[in-house]
Amino acid sequence: MKKRFGMLMDPIGSIHVEKDSSFALLLAAQRRGWTLFYMNLTDLFLMDQRVWGRMRTVEVRDDPQDWYRFTGELIQPCDRLDLLFMRKDPPVDREYLHTTYLLERVAAAGTRVVNHPKALRDANEKLFALEFPDCVPPTLVSARADRILAFLQQEKDLILKPLDNMGGSGIFRVRQGDPNTNVILETLTRRGQSFCLAQRFLPEIAQGDKRILLVGGQPVPFALARIPKAGETRGNLAAGGRGEGRPLTERDRWIAQQVGPTLLRRGIYFAGLDVIGDFLTEINITSPTCIRELDAQYGLDIAGDLLAYLEAQ
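Remember, predicted model here, so these are calculated numbers, not experimental data. (Residues numbered from 1 in each chain as written. Predicted model: local features only at pLDDT ≥ 70, side-chain atom pairs only at ≥ 80, totals over all residues. Heavy atoms only, no water.)

(A) Just the overall build of the protein chain, in detail. Helices and strands together make up the secondary structure of the protein chain, namely eight helices and 17 strands. Radius of gyration (C-alpha) of the protein chain: 20 Å, near the 20 Å computed for a compact globule of 313 residues. Over its C-alpha atoms, taken along the principal directions, the protein chain stretches across nearly 65 × 45 × 40 Å. Counting across all 313 residues of the protein chain, residues that qualify as buried make up 52%. (Helix = DSSP H or I, 4+ residues; strand = E, 2+ residues; numbered from the N terminus. Rg over C-alpha atoms; globule rule 2.2 N^0.38 Å. Buried < 20%, exposed > 50% of the residue type's maximum accessible area, 1.4 Å probe, protein only.)

Structure (structure tokens):
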């Protein structure tokens, strides 16, 4: 019997297929002969104690001009799926969190949901890395400008981030004496109403912000170093960074070894570690990217390896 593969994601018509990891997973599932079911968040609903979905069957092809075709539509309980990937991009807002509660019911009914909805809700991508204190740079999380300013006086050069965005959105570099410091803090904290993360600036960003993918708690042997464009401090591809594949270093492998077992205990089977120099800065679990780039540079099949791992479970 064909396996039934569900993908909950952003609109498929707006993706960039050459770098979209959700698309890589759809291609890998189709190669295995599985039936593909596509949904957006608002296709889910709860009725009669079961979570249902408006699902469209879809066929995909590796063609940037014509990459998908809907072949049918049905409404059915989500627990009829064998495997359901939650790949909606951040922000992790109220609707995202509400969706995790629905998906937790699906997981309890027997469908493997990747990554586990409770982990998606509990493991904030910026804060989760702080569970590994030997891996991260000096960090402060606060909504108070005076605390952040004292941390800036200590460290001299900081990166400031909101806690719920992605792709480099809302990230600032602030150096001691920067005349824009106060307005940046007012903007990020909404005048003391929202937390932000302040972290020592790592000059090794010039050599790239490495994305290390973990499949079943084990690292892919190559990382994608995302190198900032001229005049930028952000390496994110969405911010114009350039991706360059590199073998993992011993330090990269050590960081992965620290993080991997915790990921598995939480039901996180696919994650992306962000490493700058010798330091872990984020753990991406909502919709980790860079499958396509690493596959293309090294002849890998990361999505296929992930599906094989999940099938073996």
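From this point on, the discussion continues.
(B) Highlighting the pattern of salt bridges. By the definition in use, this model includes 26 salt bridges. Linking K118 and D122 is a salt bridge whose minimum nitrogen-to-oxygen distance equals 2.6 Å. One end of the pair, K118, and the other, D122, are both in helix α3 (residues 117-122), four residues apart, so they sit about a helical turn from each other. Note on K118: relative accessible area 41%, which makes it partly exposed. Between E244 and R246 there is a salt bridge, with the nearest N and O atoms lying 3.2 Å from each other. Taking relative accessible area as the criterion, E244 reaches 29% and is therefore assigned partly exposed. The class for R246 is partly exposed, based on a relative accessible area of 25%. Taken together, the shared-partner salt bridges connect D43, R54, R56 and E73 into one network. (Salt bridge = Lys/Arg side-chain N within 4 Å of Asp/Glu carboxyl O.)

(C) Quick peek at the layout of surface pockets. What the second largest pocket holds in volume is close to 190 Å³. What lines the second largest pocket is a set of 14 residues, among which V92, R121, N124, L163 and D164 lie closest to the centre. Looking at the lining of the second largest pocket element by element, the count peaks at three residues for α3. Of the residues that constitute the lining of the second largest pocket, the class distribution is six nonpolar, three polar and five charged. (1 Å grid on protein atoms, 1.4 Å probe; cavity = no way out; pocket = protein on both sides within 12 Å on 5 of 7 lines; lining within 4 Å. Points joined across faces, edges and corners; volume = space filled by probe spheres on them. Nonpolar A, V, L, I, M, F, W, Y, C, P; charged D, E, K, R; others polar.)

(D) The arrangement of the nonpolar core in detail. Counting residues in hydrophobic clusters, the biggest one holds 39 residues, and the most contacted among them are L273, L280 and I283. Once residues within four sequence positions are removed from consideration, L280 is found in contact with A129, F132, C135, V136, P137, I255, V259, L273, D274 and V275. With 36 residues, the next largest nonpolar core counts M7, L27, A29 and L306 among its residues. (Core = buried A, V, L, I, M, F, W, Y, C linked by side-chain atoms within 4.5 Å. Contact = heavy atoms within 4.5 Å.)

(E) Here's a closer look at unusual backbone geometry. Cis geometry is found at the peptide bond from P90 to P91, where omega equals 15°. Residue placement: P91 occurs in the loop between β6 (83-86) and α2 (94-108). The omega torsion across V114 and N115 is -10°, close enough to zero to call that bond cis. Turning to its location among the elements, N115 is positioned in the loop between β7 (112-114) and α3. Not every positive phi belongs to a glycine, and D48 is a case in point at roughly 55°.

(F) A look at helix α5 (residues 181-189). What α5 keeps buried is the set T181, I184, L185, L188 and T189. Here the buried residues of α5 occupy an arc of 110° about the axis, which is enough to place them on one side. Following α5 by one or two positions, R190 has its phi on the positive side, about 50°. (Arc of directions from axis to C-beta.)

(G) A look at the environment of D63. Counting through the fold element by element, D63 comes out in the loop between β4 (50-60) and β5 (68-77). Separated by 49 residues in sequence, D63 and S14 have C-alpha atoms that sit 14 Å apart.

(H) Fine view of the sheet that holds strand β10 (residues 172-175). Strand order in the open sheet made by the four strands is β8-β11-β9-β10, with antiparallel pairing throughout. Edge positions in the sheet fall to β8 (139-142) and β10, since each has one partner strand and no second. Each adjacent strand pair in this sheet contributes to an overall mean axis angle of 25°, direction not counted. Two strands pair when backbone bridges link them, and strand β9 (residues 157-162) and β10 are joined in this way by four bridges, in the antiparallel orientation. If you follow L158 over to β10, its bridge partner there is V174. Along the sheet face, helix α4 (residues 145-155) touches β8, β9, β10 and β11 (196-200) and points at about 145° away from the line of β9. (Pairing = 2+ DSSP bridges. Axes fitted to C-alpha atoms, helices over the stretch in contact; angles between N-to-C directions.)

(I) How the structure looks around the environment of E59. Here E59 is to be found in strand β4. Here the alpha-carbon distance between E59 and V136, two residues 77 residues apart in the chain, equals 42 Å. Among the polar contacts listed, one links the side chain of E59 to the side chain of R69, at a separation of 2.6 Å. (Polar contact = N/O pair within 3.5 Å; in protein donor to acceptor, adjacent residues only side chain to side chain.)

(J) View of the packing of aromatic side chains. Using the criterion set out here, one finds nine aromatic pairs in the structure. Ring plane angle 40° and centroid distance 5.6 Å describe the contact between F5 and F85, whose orientation is recorded as tilted. With F5 in strand β1 (residues 4-8) and F85 in strand β6, this residue pair connects regions lying 80 residues apart in the sequence. Considered together, F5 and F85 belong to a single accessibility category, that of buried residues. (Phe/Tyr/Trp six-rings, centres within 6.5 Å; stacked < 30°, edge-to-face > 60°.)

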